[in-house]
Amino acid sequence: MSETRLQPEHSVSDAEQQQETEIRSNVFSHSAGGPDGLPGVLNLAELEERVRGIIPKGAFDFIASGAGDEWTLGENRRAFTRREILPRVYAGVDQVDVSTHLLGIDLATPIIAAPTMGHGLVHADAEFGAIKGLARANVLFTLSCLSSRTLEDVAQQATGPLWFQLYQQDDDGITRELVQRAAAAGYKAIVQTVDADVAGNREANLRNQFTSPPSLALANFASAGGVHRRKKLSWADLELVQKYSDLPVIPKGIQHPEDAAQAVRLGAAAIWISNHGARQLDGVPSAFTVLPTVHNAVAGRVPIILDGGVRRGQDVFKALALGASAVAIGRPVLYGLALGGADGVAEVFRRLTGELSNVMQLAGVSSLAGITPSALL
Ligand SMILES: Cc1cc2nc3c(=O)[nH]c(=O)nc-3n(C[C@H](O)[C@H](O)[C@H](O)COP(=O)(O)O)c2cc1C
């Protein structure tokens, strides 16, 4: 099931609804706050396992699963293990600096939040909880156009930087309106998702007969009569979306180096390498695997963002070493929100950034600019 095939008018059965309510009250009891937003959890793999036990199976599988045989889902993790870090010693590093600058935005960490629908599925505060947590950790949030809060309400509550993710709509007028609403609300870039013209084959959702609960209402489309994704994007669509505002446009879902090169030629402000968290085409390589060739094709002209399976500080380090300027995480944000609300989201980024700092120090690198290909075997 794709994100857009979830129609808000489909409701869950009473029993499932009741189960959801019960489990949610359990989940939300974790969200009261406190110094540790992720109690009893040491890392992002453990976080996923904790959340598996506290949200309904249909919702968990909707978030966690991938398409087809989930080969790519596994590959998104495995690929990082095929490169090793070669540390330098006597490097005199006593402090590391993980701050960076991305398309005019100062960031405390090179780890940003990927766009995901589903915030309302895991927590009553939905995107408001996420942005509260992200602002605490000074992290850039990419709002999915399929959010359960309107882009204007999110912008109004946000104190940190925001990008807006766009699924281009069949109706150009609706696409233009979305882009212009995002620009007016203060979003700093449009992230145009290009790898989801049609839905991936997500069998877990079929097996679970997962249908959209009311908490997944698609707030930005209230007056548009639903979501009608454009089914066959072409390069003209990149140029079209660029014309709708002055905002930089970042294609998300690039995997082929020639597509990356063409996107840069047409004015893409950055290249976001992604296989949509392995939810679309199974059998494709991980973003980390294609990073070196895409990096070659881009040749430093624009920044590269990478997502898919980033769960450890060393994954971030390896991606930056091979040319990414930033990495994004999707599922862990939803899991942090489910377990700890805003505190949980803040803690996800604190932990991952903390791991990155630790890896850098042990590898003998003091700044992100110092993480180069020679740091890897
Ligand atoms: C539950 C869920 C919903 C998603 N919704 C969107 C979306 O609305 N738009 C989009 O461009 N990508 C969406 N994605 C893909 C993410 O932006 C991102 O590419 C992916 O989650 C990264 O992989 P990771 O979850 O392993 O970190 C979604 C992913 C998940 C898991």
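This text follows the structure it describes.
Residues numbered from 1 in each chain as written. Predicted model: local features only at pLDDT ≥ 70, side-chain atom pairs only at ≥ 80, totals over all residues.

Engineer: Outline the overall build of the chain, supporting the account with residue identities and numerical values.
Structural biologist: A count of helices and strands for the chain gives 14 helices and 10 strands. Its C-alpha atoms give the chain a radius of gyration of 20 Å, near enough to 21 Å, the size a compact globule of 377 residues would have. Within the span of the chain, comprising 377 residues, buried residues form 53% of the whole. Long-range pairs, those at least 24 residues apart, make up 75% of the contacts in the chain between residues at least 6 apart in sequence. (Helix = DSSP H or I, 4+ residues; strand = E, 2+ residues; numbered from the N terminus. Rg over C-alpha atoms; globule rule 2.2 N^0.38 Å. Buried ≥ 20, exposed ≤ 12 C-beta atoms within 10 Å, placed from the backbone. Contact = placed C-beta atoms within 7 Å.)

Engineer: Can you tell me about helix α3 (residues 57–64), naming the residues and giving the values?
Structural biologist: What α3 keeps buried is the set Gly58, Ala59, Phe60, Phe62 and Ile63. Buried positions along α3 lie against α2 (44–52), α5 (119–122), α9 (203–207) and α14 (331–363).

Engineer: How would you explain the site of the ligand if you had to name every residue and give the values?
Structural biologist: Neighbouring the ligand are 24 residues; Ala114, Ser144, Thr193, Gly277 and Gly330 lie closest to it. In terms of residue class, the shell around the ligand is built from 7 nonpolar, 12 polar and 5 charged. (Near = placed C-beta within 6 Å. Nonpolar A, V, L, I, M, F, W, Y, C, P; charged D, E, K, R; others polar.)

Engineer: I'd like to hear about the packing of helix α6 (residues 126–136) against α14, residue by residue, with values.
Structural biologist: Between two packed helices, both the angle of their axes relative to each other and the distance between the axes serve to describe the pair. For the pair α6 and α14, interaxial distance at closest approach is 6 Å and the crossing angle is 20 degrees. As summarised for this structure, α6 and α14 are arranged roughly parallel, according to the angle between their axes. As for the relative orientation of α6 and α14, their crossing is left-handed in sense. Mapping the contact onto sequence places Gly129, Ala130, Lys132, Gly133, Leu134 and Arg136 in α6 and Val333, Leu337, Gly341, Ala342, Asp343, Gly344, Val345, Ala346 and Phe349 in α14. Split into classes, the residues belonging to the contact of α6 with α14 amount to 8 nonpolar, 4 polar and 3 charged. (Axes fitted to C-alpha atoms, helices over the stretch in contact; angles between N-to-C directions. Parallel < 35°, antiparallel > 145°, perpendicular 65-115°, else oblique. Left-handed = near helix turned anticlockwise from the far one by under 90°.)

Engineer: An account of the packing of α2 against α14 is requested, with residue identities and associated values reported.
Structural biologist: Interaxial distance between α2 and α14 falls to 11 Å at its minimum, and their mutual angle equals 175 degrees. It follows that α2 is roughly antiparallel to α14 by the angle criterion. Where α2 abuts α14, its residues Leu44, Leu47, Glu48, Arg50 and Val51 lie against Pro332, Tyr335, Gly336, Ala338, Leu339, Val348 and Leu352. Here the residues of the contact of α2 with α14 sort into 9 nonpolar, 1 polar and 2 charged.

Engineer: Provide a residue-level description of the pairing of strand β10 (residues 326–329), including the pertinent values.
Structural biologist: Remember that side chains alternate between the two faces of the sheet whenever the strand is regular. With burial as the criterion, each face of β10 is covered, one bearing Ala326 and Ala328 and the other bearing Val327 and Ile329. Bridging between strand β3 (residues 111–113) and β10 involves 3 bridges; their strand directions are parallel. When the sheet's bridge partners are listed, Ile112 is paired in β10 with Ala328. Of the strand pairs in this sheet, strand β9 (residues 304–307) and β10 are connected by 3 bridges, and their pairing is parallel. Bridge pairing in β10 links Leu306 to Val327. Chirality of the crossover, the property in question, places the unit of β9, helix α13 (residues 313–321) and β10 among those that are right-handed. (Pairing = 2+ DSSP bridges. Right-handed = clockwise from strand over helix to strand, strands pointing away.)

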